[in-house]
Amino acid sequence: MLLLKIILVFGFIKGGALQCSPPCYEDEICDDSMQACLCDPALIESPDLPALLLRPQLTCMPQGFMLTLSRCLAIKLLGRGLESPNSTCMVNFTDTGPLDGIQATFLYAPWNPNCDALFSVDGNFSMYTTSILFQATDINGVYVSKDVVVNYTCSYPLNMQVSLDMSVNPVTSTNYITISGSGKYPITMALYKYSNYTGVYTTVDLPIQMKVEDIMYIGGMVEGVDTAKFALEVDTCYFTPTSDFNDTNRYNLIVGSCPVGNGVSIIENGVSSQTQIKARVVKFASSDQLFVHCSFKLCSIGSCAQSCTTRVGQSQETVTLLNFGPLRIQPGSPGSSATTVLPQEVWKLYSLIGLLILRVLQ
């Protein structure tokens, strides 16, 4: 029994000695005698350098990525006569020596016009693949390695927020909504080019030109709110020929969270931090300009408008108004089947003429 206790105590002491502080990285081992982290011999001796270079920490960001090589891998590169990573996409490089490792930052186009990263789409994800060169140099006049090219890939879900984050100078409208006791939260509205609500319009697309009956994809997003408690809900949306919210010459798209306009659909509403609306473009007879106005509110989860016929509860906070425009409706767009919106005064005149004709016929 005494022998067992001695073995257990010795094992505990030895185990404790192997706990280096700070903890070792995955390519390091804790040396018992030195009480320090040393590079794993398996890494240093490995002949498969391309496989090792796929192990660095890759941090994907909306506009690019950051590549971090550990000090052990940096020592390995130095011993094999390979230079630090290089690429047309690299914009920043930090080499503090083999003791601290290497860190490099890469940006995609258009943030970095020189970047030749390959863009692709796979299902619900967009991917950027970047080729990075680790070029061989001579060691005392002798090359012991050849150039190594490694492809690094970052995947991004195809959604509205990612599309917005990855866009340069997106054209958006932002306002704030306040939740009592919680703070202010930004609500942003943007127009998207594609039905999956990606490809946000940017300043490069200005002036945005559309045709009557084109499909318009409107997205709304709120940031920072507790999505376990609140969801974003679109209350009203309408077109006007001016930037005035109160313009009476309007074409309603959504009223009371319900679609009312021709060709209007609500794709997502009151279930998350975003809303998605699809609408057909119209043209006002009085102008070739079109403005989009929408009001948003936050509702408590479980009390949001789930359908147009059933409304469980009410919004928790005041309505926030956003607008977007002008869009230019291309001249001559409305044909025989196009939707042209006439001023309300004209509709009133038509109604009056119709009543007079009915009376005459009677």
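Structure's up top.
What you see is a predicted model, and the numbers here were worked out from it, not measured in a lab.

Caption draft 1: Inspection of the packing of aromatic side chains at higher detail. Following the criterion strictly, the structure yields six aromatic pairs and no others. On the numbers, 4.7 Å between centres and 10° between planes, the contact of F65 with F106 is stacked. In this pair, F65 sits in strand 4 (residues 64-69) while F106 sits in strand 6 (residues 102-107), placing the two residues 41 residues apart along the sequence. Take F65 and F106: they sit in the same class, and that class is buried. Pairing Y108 with Y128 gives two aromatic rings, centres 4.0 Å apart and planes at 10°, and the pair type is stacked.

Caption draft 2: Representation of the state of the cysteines in the model. Enumeration according to the criterion identifies seven disulfides in this entry. The disulfide partner of C299 is C304, and the gap between their sulfur atoms is 2.0 Å. Its torsion about the S-S bond being 100°, the disulfide of C299 and C304 is classed as right-handed. Given the relative accessible area of 1%, C304 is considered buried.

Caption draft 3: How the structure looks around the side chain of Q274. Along the chain, the position of Q274 falls in strand 18 (residues 274-280). Residue contacts for Q274: discarding those within four places in its chain leaves M160, G220, M221, L232 and E268.

Caption draft 4: Structural context of the pairing of strand 9 (residues 148-157). Alternating positions in strand 9 separate cleanly, V148, V150, Y152, C154 and Y156 being buried on one face and V149, N151, T153, S155 and P157 remaining unburied on the opposite face. Bridge count for strand 8 (residues 125-134) against strand 9 is 10 bridges, and the pairing is antiparallel. Bridging from a neighbouring strand, F134 pairs with V148 of strand 9.

Caption draft 5: Structural view of a nonpolar patch on the surface. A cluster of nonpolar side chains, I29, M34 and L38, forms an exposed patch at the surface whose accessible area comes to about 260 Å². For I29, a relative accessible area of 38% gives the class partly exposed.

Caption draft 6: Here's a closer look at the environment of L321. When you line up the elements, L321 lands in strand 21 (residues 320-329). Spatially, the C-alpha atom of L321 lies 9.9 Å from that of M189, the residues being 132 residues apart in sequence. Setting aside residues no more than four positions away along its own chain, L321 makes contact with N175, F245, C294 and S295.

Caption draft 7: Quick peek at the side chain of T236. Tracing the chain through its elements places T236 in strand 14 (residues 230-240). There is a polar contact of 2.5 Å between the side chain of T236 and the side chain of S295. With sequence-adjacent residues up to four places away left out, T236 is seen in contact with I254, V255, G256, H293, C294 and S295.

Caption draft 8: Looking closely at the sheet that holds strand 10 (residues 172-179). The strand order across the open sheet formed by five strands is 10-11-13-18-17, and the pairing between neighbours is antiparallel. At either margin of the open sheet sits one strand with a lone partner, and together these are strand 10 and strand 17 (265-268). Neighbour to neighbour, the strand axes of the sheet diverge by 20° on average, direction disregarded. Bridge count for strand 10 against strand 11 (residues 183-192) is eight bridges, and the pairing is antiparallel. Each bridged residue has a counterpart across the sheet, and for Y176 the counterpart in strand 11 is P186.

Caption draft 9: Highlighting the sheet that holds strand 15 (residues 251-255). With mixed pairing, the six strands of this open sheet are ordered in space as 12-21-20-14-15-16. Each edge of the sheet is formed by a strand with only one pairing partner; in this case those strands are strand 12 (209-210) and strand 16 (258-259). The pairing of strand 12 with strand 21 spans two bridges and is parallel. Each bridged residue has a counterpart across the sheet, and for Q209 the counterpart in strand 21 is R328.

Caption draft 10: Representation of the nonpolar core within the structure. Among the nonpolar cores identified, the biggest contains 38 residues, and M216, F239, L253, L290, F296, F324 and L327 are the most heavily contacted of them. Elements that contribute at least two residues to this core include exactly strand 10, strand 11, strand 13 (215-222), strand 14, strand 15, strand 18, strand 20 (289-300) and strand 21. The contacts of F239, once residues within four sequence positions are left out, are M216, N249, R250, Y251, L253, A279, R280, V282, F284, L290, F291 and V292.

Caption draft 11: Structural context of the environment of L290. Its place among the elements puts L290 in strand 20. For L290, a relative accessible area of 0% translates into the label buried. A C-alpha to C-alpha distance of 9.9 Å links L290 and Q209, two positions 81 residues apart in sequence. Not counting the four nearest positions on each side in its chain, L290 is found in contact with M216, F239, T240, V281, V282, F284, F324, G325, P326, L327 and I329.

So, how was this worked out
Residues numbered from 1 in each chain as written. Predicted model: local features only at pLDDT ≥ 70, side-chain atom pairs only at ≥ 80, totals over all residues. Heavy atoms only, no water. Phe/Tyr/Trp six-rings, centres within 6.5 Å; stacked < 30°, edge-to-face > 60°. Helix = DSSP H or I, 4+ residues; strand = E, 2+ residues; numbered from the N terminus. Buried < 20%, exposed > 50% of the residue type's maximum accessible area, 1.4 Å probe, protein only. Disulfide = S-S within 2.5 Å. Contact = heavy atoms within 4.5 Å. Pairing = 2+ DSSP bridges. Patch = residues over 30% accessible without salt bridge, like charges linked within 9 Å, V, L, I, M, F, W, Y side chains within 5 Å. Areas by Shrake-Rupley, 256 points an atom, 1.4 Å probe, with all protein chains shown as cover. Salt bridge = Lys/Arg side-chain N within 4 Å of Asp/Glu carboxyl O. Polar contact = N/O pair within 3.5 Å; in protein donor to acceptor, adjacent residues only side chain to side chain. Axes fitted to C-alpha atoms, helices over the stretch in contact; angles between N-to-C directions. Core = buried A, V, L, I, M, F, W, Y, C linked by side-chain atoms within 4.5 Å.

Everything listed is a geometric property; what it means functionally is a separate question.
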